[in-house]
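Structural description and commentary
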Amino acid sequence: MNDTDRPGVVGDADGSGVVDDREQGAGSGTARPRRWWPGVLLLAVLVPAVGGAAAVEWTAGVLTREGTRTLRVTYEVTGTARDVTVTYPAWQDGGLSTARLTLRSLPWSGEVRTRGFMRGGSLAVTLGRSGGEVSCTVTTDDGTVRTASASGAFATATCDGF
């Protein structure tokens, strides 16, 4: 006698020994549908959470590397002007200051080193009363190059965004 032949015993239809909810029925003779929304809800929460955690970890690594990297900034001023004022950012002991030079002849160049996020600023070259022509160039060892030119009395060439 098999399990399906005994009164009151619900057997397995395929003989596997496993009784499925659909084989048992829900009392009304119909299969109970599976709920799919808990799985979708779980994915909707886990995918952004895991992605967000990965993004935070990646950003932290980039910030750590950038914060300890040394960057060389080279300033160059060329032209025919005889009386110019050069103003540029200078980094000393992790702090930013402004250096100002008055030059009677060109060319002029200077180099500073900075660490991490202490970068940026503006190299401004202002011509004096006698005018002339002037060009400025700022180059960083990460490949950033900024150039500008000016001519005439009291004109200013500004290299910024480095």
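First, a word on what this report is: a plain description of the structure on this page. (Residues numbered from 1 in each chain as written. Predicted model: local features only at pLDDT ≥ 70, side-chain atom pairs only at ≥ 80, totals over all residues. Heavy atoms only, no water.)

**A look at the pairing of strand β6 (residues 133–140)**
The test is simple: Each residue is placed in one exposure class: buried if its accessible area under a 1.4 Å probe, protein chains only, is under 20% of its type's maximum, exposed if it is over 50%, and partly exposed if it falls in between. To qualify as a helix, a DSSP run of H or I must reach at least 4 residues; to qualify as a strand, a run of E must reach at least 2; elements of each kind are numbered from the N terminus. We call two strands paired when DSSP finds no fewer than two bridges between them.
By the alternation rule, side chains of β6 split into Val134, Cys136, Val138 and Thr140, which are all buried, and Glu133, Ser135, Thr137 and Thr139, of which none is buried. When strand β1 (residues 70–79) meets β6, the two strands line up antiparallel, connected through seven bridges. Paired with Tyr75 across the two strands is Val138, which belongs to β6. Sheet analysis places β6 next to strand β7 (residues 145–151), joined by seven bridges and oriented antiparallel. Looking at β7, one finds that Thr137 is bridged to Thr147. Hairpin remark: β6 followed by β7, antiparallel, with four residues in the connecting loop; positive phi at Gly143, about 100°.

**Overview of the packing of aromatic side chains**
Definition in use: Any pair of Phe, Tyr and Trp rings, taking the six-membered ring for Trp, is counted once the centres come within 6.5 Å. Such a pair is stacked with planes under 30 degrees apart, edge-to-face with planes over 60 apart, and tilted for the rest.
Taken as a whole and assessed by the stated rule, the structure comprises two aromatic pairs. Residues Tyr75 and Tyr88 carry aromatic rings whose centres are separated by 4.9 Å and whose planes lie at 50° to one another, so their mutual orientation is tilted. Taken together, the positions of Tyr75 in strand β1 and Tyr88 in strand β2 (residues 84–92) put the pair 13 residues apart, joining distant regions of the chain. Of the two residues, Tyr75 and Tyr88, neither departs from the other in class, the shared state being buried. With a centroid separation of 5.4 Å and an interplanar angle of 40°, the aromatic rings of Tyr88 and Trp108 are classed as tilted. Linking Tyr88 in strand β2 with Trp108 in strand β4 (residues 108–115), this pair joins segments that are 20 residues apart in sequence. By relative accessible area, which is 14% here, Tyr88 ends up buried. These aromatic residues form a ring-pair network of at least three members: Tyr75, Tyr88 and Trp108.

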